There are 2 protein chains.
Amino acid sequence: MRVALIGYGNVGRAFARLLEQKRAVFPFRIVGIHTARHGTAYDPKGLPVEPVFGAAAGSVEEFLDRAKSDVAIEITTLNPQTGEPALSHIRAAFARGCHVITANKGPIAHAFSALNEEARSAGVAFRFESTVMDGAPVFNMVRNSLPGVKILGFTGVLNSTTKIVLDAMRAGRSMAEGIEEAQRLGVAEADAGYDIDGWDAAAKTAVLANVLMEARVTPQDVDRHGIGSVTTEEVLALKREHKTLCLVSRGQATAEGLKMQVRPEILEDTDLLASLHGTSNLILLHTDLMGTVGTVALSPGVEQTAYGLFSDLVDIAKSV
Amino acid sequence: MRVALIGYGNVGRAFARLLEQKRAVFPFRIVGIHTARHGTAYDPKGLPVEPVFGAAAGSVEEFLDRAKSDVAIEITTLNPQTGEPALSHIRAAFARGCHVITANKGPIAHAFSALNEEARSAGVAFRFESTVMDGAPVFNMVRNSLPGVKILGFTGVLNSTTKIVLDAMRAGRSMAEGIEEAQRLGVAEADAGYDIDGWDAAAKTAVLANVLMEARVTPQDVDRHGIGSVTTEEVLALKREHKTLCLVSRGQATAEGLKMQVRPEILEDTDLLASLHGTSNLILLHTDLMGTVGTVALSPGVEQTAYGLFSDLVDIAKSV
């Protein structure tokens with residue numbers, strides 16, 4: 001299969017390395033890479049991990065027209081408020097009969113239901129495993145390995161920055177120091193408010209609700225409380241009582257409809273949810289037939305996000 | 001698809017109820033049920049959950065010849081030392097061109113590699129999701145949703161009885177009282193030694209090694225230490241230091257070959273592995289591409305084991 005990449009940052013490079021490593025068994029090749037900053041590269045025979053970029057294509061549409069790929073992978077920088085420009089890129093790919101994979105949670109958090117129908121109309125596949133849990137099997141697991149199951153709700157510990165910040169505060173440091181550490185580790189963006197205020201967790205909550213519970217919600221619909229007002233003193237007082245503060249995402253089908261919330265919860269130190277640190281994360285699915293079952297990933301990084309793209313690509317190759 | 005059940009205890013009945021509940025979407029029907037105690041029942045149009053049993057078929061071979069099913073589900077009582085009689089039942093089904101599903105870990109722990117080749121020669125599918133983690137996606141997740149991944153090792157908390165017993169001891173009770181509790185909950189067999197001495201965990205360890213790491217081992221090959229000599233005083237002393245004793249299964253590929261062990265490990269109370277109680281369980285897979293990723297199930301019961309059989313059945317229906 002011929003693959004075109006829209007965006008080429010750390011995840012894109014890790015993905016290109018992975019394809020190169022797996023070429024003997026999985027014959028995928030990257031025929032085009034488009035970036036706003038470095039320009040655009042094409043080669044129908046396959047591009048190397050460090051291609052020579054020419055002038056940037058005038059638009060993503062122009063890029064896709066020339067790249068002529070079977071699959072477009074959207075990995076541009078996120079604008080979390082709207083899902084753009086990723087949303088437009090995805091639609092441009094659908095319009096050209098391309099299957100689409102994205103690691104960008106914005107489009108799924110804002111417009112999954114519409115995009116899914118558009119993909120179906122266009123007769124193409126649409127995959128997004130890496131939007132939550134950095135590539136660990138969540139959506140592909142539910143689709144492929146939990147047949148007949150209804151998801152009644154979910155509980156997740158999904159935001160890395162707040163785990164790192166709260167752990168730093170538990171060690172007596174300030175929130176600002178914790179944020180600096182998360183930035184140094186490459187986990188938090190320059191504007192850490194997106195994580196601290198719970199927007200990242202709310203976006204993932206909306207993604208889970210839209211995909212697994214057929215909701216049509218946006219991050220703005222999530223009852224969202226961040227950790228901005230938490231003090232080191234509070235965290236230390238909880239620690240003395242063997243309790244941990246943790247930003248938890250929850251979704252639940254109720255008689256009044258779907259309830260979604262993101263908030264710092266006080267957990268026993270020995271709670272499963274409190275046992276995740278750093279970039280480690282966990283999602284529990286509450287189901288009708290399989291009880292509560294979930295996926296856990298320990299210390300995933302950019303390679304694992306790239307693996308999620310790869311697993312989506314194999315899933316598409318198998319299903320078409 | 002037509003299904004024949006060999007064995008019909010709690011799991012079999014839960015499975016029959018599940019099929020009845022899902023009939024509209026998944027058109028599977030049970031055309032034969034064979035038990036040593038209650039006799040045998042046949043109906044090509046489909047049996048109810050509580051069938052009228054006639055005289056027992058003279059043998060499993062005779063049963064399968066008359067039932068004429070597409071799939072045979074082996075759920076007889078385990079003889080953990082040898083894998084028999086389940087092994088012979090599975091081979092009888094292969095010989096008749098039946099796909100096979102089993103919840104019985106004996107055959108997989110003792111002879112997976114041979115059985116897998118026999119299934120391939122016979123042109124039939126062979127599935128066993130419920131042998132570990134009570135039906136939560138482990139083997140189907142790896143097969144369907146972790147493409148291209150090499151499993152380098154695993155860590156599991158897989159035995160329920162020892163969790164219940166050690167939790168009882170942590171509450172100051174004796175091992176005997178803990179065993180009684182596990183038996184009352186229907187988790188431990190009358191002979192709890194199989195759990196306490198680590199044989200159940202060793203069997204699951206062998207299953208994981210055989211299936212996920214292409215080993216050809218038996219439970220006897222696992223470096224196995226049970227909890228039989230642990231005292232309540234030791235457990236309480238660890239508790240005062242905020243530590244938990246936990247029977248952990250590990251497999252690891254090394255330069256000297258595959259190392260497998262089952263032993264009580266001293267964990268921090270806040271460790272992920274220590275956070276599982278009762279029948280809750282966890283398996284972590286250490287992989288080349290996806291780092292450490294795993295499945296967790298909270299408080300699964302007989303319905304979840306039955307769901308594992310169902311998910312295997314759907315997996316077979318999709319793949320043939």
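Values in this document were obtained by computation on a predicted structure and should not be read as measured data.

Participant: Break down the overall build of chain A for me, with residues and values.
Facilitator: Along its length, chain A carries eleven helices and twelve strands. Taken over the C-alpha trace, chain A has a radius of gyration of 20 Å; the compact-globule value for 320 residues is 20 Å, and the two agree within 12%. With the C-alpha coordinates of chain A rotated into their principal frame, the extents come out at 60 × 45 × 35 Å. Taken across its 320 residues, chain A has 58% of its residues classed as buried. Total accessible area on chain A is roughly 12500 Å²; 49% of this is exposed by carbon and sulfur atoms. Measuring between centres, the 31 positive side-chain charges of chain A sit 5 Å from its 37 negative side-chain charges.

Participant: Go over the sheet that holds strand 7 (residues 151-157) of chain B, please, and point to the residues and values.
Facilitator: Within the open sheet, the twelve strands sit side by side as 8(A)-10(A)-9(A)-7(A)-11(A)-12(A)-12(B)-11(B)-7(B)-9(B)-10(B)-8(B). Their pairing is mixed. Two strands in the sheet have a free side with no partner beyond their single neighbour: strand 8 (223-224) of chain A together with strand 8 (223-224) of chain B. Pairing between strand 7 (residues 151-157) of chain A and strand 11 (residues 281-287) of chain A: six bridges, direction antiparallel. Residue pairing for strand 11 of chain A: A:Ile151 is matched across the bridge by A:Thr287. Packing of helix 9 (residues 199-212) of chain A onto the sheet brings it into contact with strand 7, strand 8, strand 9 (243-254), strand 10 (257-268) and strand 11 of chain A, and relative to strand 10 of chain A it is tilted by some 135°. Contacts from helix 6 (residues 160-170) of chain B reach strand 7, strand 9 (243-254) and strand 11 (281-287) of chain B within the one sheet, and its direction differs from that of strand 9 of chain B by about 150°.

Participant: Please provide a residue-by-residue account of the relation of the copies chain A and chain B, values included.
Facilitator: Rotating chain A by 180° and moving it 0.0 Å along the rotation axis overlays it on chain B with an RMSD of 0.0 Å. Both copies of the chain, as the preceding transformation shows, are related through a two-fold rotation axis. A high fraction, 100%, of the interface residues of chain A reappear at the interface in chain B, so the copies pair face to face through one surface.

Participant: Could you give me a rundown of helix 3 (residues 86-95) of chain B, with the residues and numbers involved?
Facilitator: Residues and elements named next belong to chain B. By the criterion of burial, helix 3 is predominantly enclosed, with seven of the ten residues buried. Among all positions in helix 3, only Ala 86, Leu 87, His 89, Ile 90, Ala 92, Ala 93 and Phe 94 are buried. In this structure, the buried side of helix 3 is in contact with strand 1 (2-6), helix 2 (60-67), strand 4 (71-74), strand 5 (99-102), helix 4 (105-122) and strand 6 (126-127). Within two residues after helix 3, Gly 97 carries a phi angle of roughly 70°, on the positive side.

Participant: Quick rundown of the nonpolar core? Include the residues and the values.
Facilitator: With 197 residues, the main nonpolar core has A:Phe15, A:Phe126, B:Phe15 and B:Phe126 as its most contacted residues. Residues in contact with A:Phe126, not counting those within four places in the same chain, are A:Ile90, A:Phe94, A:Val100, A:Thr102, A:Ile108, A:Phe112, A:Leu115, A:Asn116 and A:Ala119. Counting residues in hydrophobic clusters, the runner-up holds 22 residues, among them A:Cys246, B:Cys246, B:Leu272 and B:Val296.

Participant: Quick one: what's the story with helix 7 (residues 175-184) of chain B, residue by residue and with numbers?
Facilitator: All names here are of chain B. Along helix 7, the residues that are buried comprise Met 175, Gly 178, Ile 179 and Ala 182. On an axial view of helix 7, the arc spanned by its buried residues comes to 100°, and they lie on one face. As for helix 7, its buried residues are in contact with helix 6, helix 8 (193-196) and helix 10 (232-240). A positive phi of about 75° marks Gly 186, the residue just after helix 7.

Participant: Explain the packing of helix 2 of chain B against helix 3 of chain B to me, using residue names and the numbers behind them.
Facilitator: All names here are of chain B. Contact pair helix 2 / helix 3: the axes reach a minimum separation of 10 Å and the direction vectors enclose 35°. In the packing of helix 2 onto helix 3, the handedness of the crossing is right-handed. Where helix 2 approaches helix 3, its residues Val 60, Glu 61 and Leu 64 are matched on the opposing element by His 89, Ala 92 and Ala 93. The residue inventory of the contact of helix 2 with helix 3, partitioned by class, reads four nonpolar, one polar and one charged.

Participant: Run through empty space enclosed by the protein, naming residues and quoting values.
Facilitator: Residues and elements named next belong to chain A. Inspection of the entire model under this criterion finds four cavities of 30 Å³ or more. In this model, the largest cavity occupies a volume close to 140 Å³. For the lining of the largest cavity, the elements supplying multiple residues, two or more each, are helix 6 (160-170) and strand 9. Among the elements that take part in the lining of the largest cavity, helix 6 stands out by supplying five residues, more than any other. When the residues that make up the lining of the largest cavity are grouped by side-chain class, the tally is nine nonpolar, four polar and three charged.

Participant: How would you explain the packing of aromatic side chains if you had to name every residue and give the values?
Facilitator: Evaluation of the coordinates by the stated rule reveals 20 aromatic pairs over all chains. Centre to centre, the rings of B:Phe126 and B:Phe128 are 5.5 Å apart; their planes meet at 65°, and the pair counts as edge-to-face. Positioned above the aromatic ring of A:Trp199, the side-chain terminus of A:Arg224 is 3.9 Å from the ring centre.

Participant: So what's going on with the side chain of B:Ser275? Residues and values would help.
Facilitator: Structurally, the position occupied by B:Ser275 is in the loop between strand 10 (257-268) and strand 11. Residue B:Ser275 is classed as buried on the basis of its relative accessible area, which comes to 9%. One polar contact links the side chain of B:Ser275 to the main-chain carbonyl oxygen of B:Leu272, over a distance of 2.7 Å. For B:Ser275, the contacting residues outside a window of four places in its chain are A:Thr270, A:Asp271 and A:Leu272.

Participant: Please set out the pattern of salt bridges residue by residue, giving values where relevant.
Facilitator: If you walk through the whole model with that rule in mind, you get 30 salt bridges over all chains. The partner of A:Arg170 in a salt bridge is A:Asp269, with the nearest N and O atoms 3.0 Å apart. Here A:Arg170 is found in helix 6, whereas its partner A:Asp269 is found in the loop between strand 10 and strand 11, with 99 residues between them in sequence. Both residues of the pair, A:Arg170 and A:Asp269, count as buried. In this structure, B:Arg127 and B:Asp315 form a salt bridge, with 2.8 Å as the shortest nitrogen-oxygen distance. Within this pair, whereas B:Arg127 is found in strand 6, its partner B:Asp315 is found in helix 11 (residues 302-319), the two being separated by 188 residues in sequence. Both residues of the pair, B:Arg127 and B:Asp315, belong to the buried class. A single network of salt bridges, built from pairs that share partners, joins A:Lys105, A:Asp200 and A:Lys204.

Participant: Can you lay out the interface of chain A and chain B for me, pointing to particular residues and giving the numbers?
Facilitator: Counting from both sides, the interface comprises 44 residues of chain A and, opposite them, 44 residues of chain B. Sorting the residues of chain A by area buried against chain B places A:Leu289, A:Met290 and A:Tyr307 first, and these three jointly supply 19% of that buried surface. In this assembly, chain A and chain B are joined by zero salt bridges. Taken together, the connections running from chain A to chain B amount to 14 residue pairs in polar contact (both at pLDDT 80 or more). Top contributing element to the side of chain A that touches chain B by residue count: helix 11 (residues 302-319) of chain A, with eight residues. Here strand 12 (residues 292-298) of chain A pairs with strand 12 (residues 292-298) of chain B via seven bridges, running antiparallel.

Thresholds applied
Residues numbered from 1 in each chain as written. Chains lettered and ligands numbered in written order. Predicted model: local features only at pLDDT ≥ 70, side-chain atom pairs only at ≥ 80, totals over all residues. Heavy atoms only, no water. Helix = DSSP H or I, 4+ residues; strand = E, 2+ residues; numbered from the N terminus. Rg over C-alpha atoms; globule rule 2.2 N^0.38 Å. Buried < 20%, exposed > 50% of the residue type's maximum accessible area, 1.4 Å probe, protein only. Areas by Shrake-Rupley, 256 points an atom, 1.4 Å probe, with all protein chains shown as cover. Lys, Arg positive; Asp, Glu negative; His and termini not counted. Charge placed at Lys NZ, Arg CZ, Asp CG, Glu CD. Pairing = 2+ DSSP bridges. Contact = heavy atoms within 4.5 Å. Axes fitted to C-alpha atoms, helices over the stretch in contact; angles between N-to-C directions. Least-squares fit on C-alpha atoms with pLDDT ≥ 70 in both. Core = buried A, V, L, I, M, F, W, Y, C linked by side-chain atoms within 4.5 Å. Arc of directions from axis to C-beta. Left-handed = near helix turned anticlockwise from the far one by under 90°. Nonpolar A, V, L, I, M, F, W, Y, C, P; charged D, E, K, R; others polar. 1 Å grid on protein atoms, 1.4 Å probe; cavity = no way out; pocket = protein on both sides within 12 Å on 5 of 7 lines; lining within 4 Å. Points joined across faces, edges and corners; volume = space filled by probe spheres on them. Phe/Tyr/Trp six-rings, centres within 6.5 Å; stacked < 30°, edge-to-face > 60°. Lys NZ or Arg CZ within 6 Å of the ring centre and 35° of its normal. Polar contact = N/O pair within 3.5 Å; in protein donor to acceptor, adjacent residues only side chain to side chain. Salt bridge = Lys/Arg side-chain N within 4 Å of Asp/Glu carboxyl O. Buried area = accessible area lost by both parts, 1.4 Å probe.

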